[in-house]
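Residue-level listing of the chains:
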Amino acid sequence: MNTLLCIPLLVLMGTLVPLCSTRYSRTACAFLTAALPAIALFLILQMAPAILDGQRFQTAIDWVPSLGLSLAFRLDGLTLLFSLLILGIGLLVILYARYYLSSNDNMGKFYCYLILFMFAMLGVVMSDNLIQIWVFWELTSISSFLLISFWGSKSEARKGARMALTITGAGGLFLLAGLLMLGNVVGTFDLQTVLDSGDIIRAHSTYPIITVLILIGAFTKSAQFPFHFWLPNAMAAPTPVSSYLHSATMVKAGIFLMARFYPSLAGTDLWFLIVSMTGLATFLLGGYLALFQHDLKGLLANSTISHLGLITLLLGMGSDLALVAAIFHIINHATFKASLFMAAGIIDHESGSRDMRQLNGLWKYMPYTATLAMVASSAMAGVPLLNGFLSKEMFFNEALHQDSLGSLSWMVPVLATLGGVFSVAYSTRFVHDVFFNGEPINLPKTPHEPPRYMRVPVEILVALCLLVGIFPSWIVGDLLQSASLSALNGPVPEYSLAIWHGFNIPLLMSVIALLGGLLVYYNRQHLFKFQAQFPTNDPKVLFERAIQQLVGKATWIINFFENGSLQRYLYFLFMFTIVMSAYPLLDLNATAGRRPEIPLDALSITGAVLLSIASLATVVWHRRRMVALLTLSVVGLIVTLAFARFSAPDLALTQLSVEVVTIILLMLALFFLPQKTPKESSPRRVVRDLGISAMIGGIVGTVIYALMTRPLDTISDFFTENSKTGGGGTNVVNVILVDFRGFDTLGEITVLGIAALGIFKLIARMRLYMPSSNEQGRPWSTDSHPLMLSVISQSLLPLALLVSAYIFLRGHNMPGGGFIAGLITSVAIIQQYVAHGVDWIKERLKLDYQIMIGSGIGIAALTGLGSWFFDRPFLTSWFDYFYLPVIGKFELASAMLFDLGVYLTVVGATMLILANLGQLTTSERAVFEEEK
Amino acid sequence: MEGIYAFCVGLMTACGIFLTLRGRTFSVVVGLTLLSYAVNLFLFASGRLKLDAAAVLGVSEDYGDPLPQALVLTAIVIGFAMTAFAVILAMRARADLGNDHVDGRIPQTKEEVRQKSGGQR
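What you are looking at is a predicted structure, and each value in this text was computed from that prediction instead of being measured. (Residues numbered from 1 in each chain as written. Chains lettered and ligands numbered in written order. Predicted model: local features only at pLDDT ≥ 70, side-chain atom pairs only at ≥ 80, totals over all residues. Heavy atoms only, no water.)

### Side note on the overall build of chain A
Consideration 1: If you tally the helices and strands in chain A, you get 39 helices and 4 strands.
Consideration 2: The buried share of chain A, taken over its 932 residues, is 53%.
Consideration 3: A separation of at least 24 residues holds for 79% of the contacts in chain A among residues at least 6 apart in sequence.
Consideration 4: Per element, the accessible surface of chain A, about 40500 Å² overall, is 68% carbon and sulfur. (Helix = DSSP H or I, 4+ residues; strand = E, 2+ residues; numbered from the N terminus. Buried < 20%, exposed > 50% of the residue type's maximum accessible area, 1.4 Å probe, protein only. Contact = heavy atoms within 4.5 Å. Areas by Shrake-Rupley, 256 points an atom, 1.4 Å probe, with all protein chains shown as cover.)

### Thoughts on the pattern of salt bridges
Residues and elements named next belong to chain A.
Consideration 1: Scanning all chains against the criterion turns up 22 salt bridges over all chains.
Consideration 2: Asp76 serves as the salt-bridge partner of Arg260, at 2.8 Å between the closest nitrogen and oxygen. Separated by 184 residues along the polypeptide, Arg260 in helix α13 (residues 250-260) and Asp76 in the loop between β2 (69-75) and α4 (77-100) bring together distant segments of the chain.
Consideration 3: By relative accessible area, which is 1% here, Arg260 ends up buried. (Salt bridge = Lys/Arg side-chain N within 4 Å of Asp/Glu carboxyl O.)

### Quick look at the side chain of Thr211(A)
All names here are of chain A.
Consideration 1: Within the secondary structure, Thr211 sits in helix α10 (residues 207-221).
Consideration 2: Residue classification places Thr211 among the buried positions, given a relative accessible area of 0%.
Consideration 3: Apart from the residues within four sequence positions on either side, Thr211 is in contact with Leu265, Leu270 and Trp271.

### Details of the packing of aromatic side chains
All names here are of chain A.
Consideration 1: Per the counting criterion, the structure on display carries 34 aromatic pairs over all chains.
Consideration 2: Aromatic pair Tyr288 and Phe292: ring centres 4.9 Å apart, planes at 65 degrees, arrangement edge-to-face.
Consideration 3: By relative accessible area, which is 13% here, Phe292 ends up buried.
Consideration 4: Clustering of aromatic rings is evident, with ring pairs tying together Trp556, Phe560, Phe561, Tyr571 and Phe572.
Consideration 5: The cationic tip of Arg98 hangs over the ring face of Tyr99; the distance from NZ or CZ to the ring centre is 4.6 Å. (Phe/Tyr/Trp six-rings, centres within 6.5 Å; stacked < 30°, edge-to-face > 60°. Lys NZ or Arg CZ within 6 Å of the ring centre and 35° of its normal.)

### Focus on the UniProt feature "transmembrane region" (unreviewed entry) in chain B
Residues and elements named next belong to chain B.
Consideration 1: Under the local residue numbering, the UniProt record ascribes the feature "transmembrane region" (unreviewed entry) to residues 26-47 and 67-91.
Consideration 2: The span residues 26-47 carries 91% helix and 0% strand; its end-to-end C-alpha distance comes to 33 Å.
Consideration 3: For residues 67-91, the helix share is 100%, the strand share is 0%, and the end-to-end C-alpha distance is 36 Å. (UniProt positions renumbered as here; feature names shortened; annotations may be inferred.)

### Here's the deal with the pairing of β2(A)
Consideration 1: With 6 of 7 residues buried, β2(A) is to be regarded as a mostly interior element.
Consideration 2: What sits between strand β1 (residues 57-64) of chain A and β2(A) in their antiparallel hairpin is a turn of 4 residues, with Gly68(A) showing a positive phi close to 75 degrees. (Pairing = 2+ DSSP bridges.)

### A look at the interface of chain B and chain A
Consideration 1: On the chain A side, the residues contacting the 76 residues of chain B number 111 residues.
Consideration 2: Contact between chain B and chain A buries roughly 8700 Å² in total, counting both sides, with carbon and sulfur atoms accounting for 76%.
Consideration 3: Considering only the side of chain B, the residues that lose the most area to chain A are Phe26(B), Arg48(B) and Phe80(B), jointly responsible for 9% of the buried surface there.
Consideration 4: Taking the shortest distance from any N to any O, the salt bridge between Glu2(B) and Arg595(A) comes out at 3.7 Å.
Consideration 5: Joining chain B to chain A, the criterion identifies 22 residue pairs in polar contact (both at pLDDT 80 or more).
Consideration 6: Of all the secondary-structure elements, those providing two or more residues to the side of chain B that touches chain A are α1 (2-20), α2 (25-45) and α3 (66-97) of chain B.
Consideration 7: It is α3(B) that contributes the most residues to the side of chain B that touches chain A, 22 residues altogether.
Consideration 8: Taken together, the residues of the side of chain B that touches chain A break down into 50 nonpolar, 14 polar and 12 charged. (Buried area = accessible area lost by both parts, 1.4 Å probe. Polar contact = N/O pair within 3.5 Å; in protein donor to acceptor, adjacent residues only side chain to side chain. Nonpolar A, V, L, I, M, F, W, Y, C, P; charged D, E, K, R; others polar.)

### Overview of the environment of Gly727(A)
Consideration 1: Its location among the elements puts Gly727(A) in helix α31 (residues 716-727).
Consideration 2: If we skip the residues at most four places from it in the chain, Gly727(A) touches Asn722(A), Val735(A), Asp739(A), His812(A) and Phe879(A).

### What about the side chain of Thr33(A)?
All names here are of chain A.
Consideration 1: Mapped onto the elements, Thr33 comes out in helix α3 (residues 26-52).
Consideration 2: According to the relative accessible area criterion, Thr33 is buried, its value standing at 0%.
Consideration 3: A polar atom in the side chain of Thr33 sits 2.6 Å from the backbone oxygen of Cys29.

### Quick look at a nonpolar patch on the surface
All names here are of chain A.
Consideration 1: Side chains of Leu385, Leu466, Leu467, Ile470, Phe471 and Trp474 sit close together on the surface and give an oily, nonpolar patch of about 590 Å² of accessible area.
Consideration 2: Looking at the nonpolar patch, the element that brings in the most residues is helix α21 (residues 452-470), giving 3 residues.
Consideration 3: Here Ile470 shows up in helix α21. (Patch = residues over 30% accessible without salt bridge, like charges linked within 9 Å, V, L, I, M, F, W, Y side chains within 5 Å.)

### Some points on the packing of helix α17 (residues 320-351) of chain A against helix α19 (residues 387-400) of chain A
Residues and elements named next belong to chain A.
Consideration 1: As a packed pair, α17 and α19 sit with axes 9 Å apart at the nearest point and diverge in direction by 155 degrees. The pairing of α17 with α19 is recorded here as roughly antiparallel in orientation. Helix-helix and strand crossings are classified by hand; for α17 and α19 the assignment is left-handed. Packed against α17, whose contacting residues are Leu321, Ala322, Val324, Ala325, Phe328, His329, Asn332, Thr335 and Phe336, the element α19 presents Asn387, Gly388, Leu390, Ser391, Met394 and Glu398 at the interface.
Consideration 2: Here the residues of the contact of α17 with α19 are counted per class, giving 8 nonpolar, 6 polar and 1 charged. (Axes fitted to C-alpha atoms, helices over the stretch in contact; angles between N-to-C directions. Parallel < 35°, antiparallel > 145°, perpendicular 65-115°, else oblique. Left-handed = near helix turned anticlockwise from the far one by under 90°.)

Here it is as structure tokens:
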């Protein structure tokens, strides 16, 4: 299996290790957790020499090739640099956390989240596909949420975690939009292709939108102004998390993204303006705010914001050398800031406080830790012989040499120096306030040195600060070179990593920054007083307020649209229908088409008038339900007649039998429902509804009129031509149902069966009050089954069944078929129920309607399957003519078997519904028996 | 002929819609039934109206469009199943909720609301 795929996979498997090993000792758990990431690091180091030579490893497994989605990983210089940071610092953090977490904390859970984050972050930097980058990007947001809220019992941890997730998660959505558009412009989601087509992207009209969307994603993740506020609030996380996520890795994801897409997006004025100005603002604001924090971690968090701003500023400058400087500073910042966070954690852990107003003079108690922290903060301040100095010099140099702001370009180096002044000032404050400046005040614990191995990660990182600072090209020269090579996707400009470049302006700027910083720190009391005049705007409160307002607005909208009233939903639906259907009609010039109309005759007019009166009567008397039902049946009958008049006998037969069944059903239902509808619609509501229904009625009438008066362009000729020869029937309607579109019919009878079974279940446990009298208090007749009716209907049954058999058999060639025959049979059986009652029928007619539905659908499906035995597609029909003495020539067709299935399903479904509902009116009611 | 046909379809649609917008389940079911009549007629008419056309092959050259007819035939049967389902659902709702309002609760009029809040005061 290829090594490249193994690296993220190993780390993914690593998430399970701590959960399994948490039962062993804490040290064992930490070591087992570290094992798999260590192997992954080893694998990367093995590939490192080739990468430093400029090689690039790629691997991909296709997932959905048609959509350009694949599982693709790459390892190039930039990825190598970040992977080393992620895995290397990750391993140190695992060691550190072993001592940091107390025995009350769930170590397995913590490590699991930490490794999950490691996997996500590794995925971001190693992904070779835009969408995949995004998936891992969101995974970092989620795992960081879990880590920040690790101490979930603290309210600030929960709030901080939620804020971080909201900001970075929302930024992630912008990023997704940007990446999708980017992939659309390039035509693929493959990363290398995107990097190679920078010119196409920059020339494209959507370039500004893409850039802004992707940058919002990057800025939210890397805590750039104005999204910077989540980072200080994420400091509620355990310190190993801050050290790992909030200095070395996650906040660098945004920076990584900008560096990664540098060849595709950078190099325009838009890029320069947004990126460098945001960076500059963040650089200054973070530095300024850091100065006023009393919380140790708060100071570090704001200084992180400031340094991230510095890197962003470098990325925005647009010169290749600035990019090299940015990458260099990424390395340096990760080392010194991670070690400073760890040192802050040690101080917090061993003294019980992080407040710099209490922590004073710790030098006496922990000289060793103090030395380490002082070296690291000197690196942060940019003191010579440390790594921070080198990258800061490069930064000053770049600030001096850019001219994109025209005549205002001189401001950039001045402001950069000002930022440098701030970082010296807060670094000095960190060192002086904590380790010197008198004696500690009211500390909960007497401070002392931490356990031996808790210091090891800090020592390693501080050693790196020194080594890089003194032997830069020897330690990181190759790494920086290859990272820049892959970030630029082209040749790397000449640069020098020497410590001494002679007396030049950047050096002067450094000196000014150092002296100025010390001066600012010396006069800090005046600054603190000045700052105290401003009202303190806690971003947490503002954020919570904004979120609550958002939730309030959303609730209001939801309550408006979704207040639980079906009437209101229907109203919205109809209004929407009106808008959507009326709009296209505006384009139709003339309502009437050129097709000549059929002349009117008296019969049709009579029908139309009756229909109109009956429809209106249904509406007018809808509160007297029985009357409404009667007028409704008149409408149904005239519709039936209309079908017959307009040459559709099949429809007329179907409608007639359905009409009978429907009205019986509604009358049965009415028995259990109130007989009258109360008058409760307000006049305004009635007028509104009248308006809506008139509008829709008008639109529907217009559409159908326009349709009917235009010539017909039909596909039915195919059916008409092939009905006899291909389907063996002259009734084209029936042939379409059972043959041409047999598959549709199979679906339809299945729906019918499902509806009937659903109704059966609804009826099964229904507890309804059975009225013993009608609404006027008149009791029901005791003679529920009059003799005349029973006798006549009994003698009618064989005739009715005969008719239905006849209709069924002739269906293929004459009007009729399974649907109609089934309905006629149902009507015949229902008549028996009405005439004799359920008990009488139960003794005589032993039919299980559920089995009938099942066998009906079964027969139809099997008929279809049968054609497979003859190597034909599903539902291919067969027919032939036979000759029998006496009967004569007749036709047999497989479609008839299919129609039998339709017949059985229709009978079963109708009877299942009506017989069960009818049963409720008799002593056969299952419900009340159950209760007794 | 097409004119009055379209008028009837439109009128039935309007009546159906008005009834489905009412607050009690039975009116809604009646409205749905009316609406399904209208929809069936609408679909049927997409094959254009023909008087005295042949229903089966071999009788005459003038033949009604069979495709909309086949569609409407199944639509009628399915429409019945839907009406039945709606009406049984309405009955079940009344059984379980104690009223036959579509929202499952009788909406309070403005006066009732006023009285209630007055009582609390």
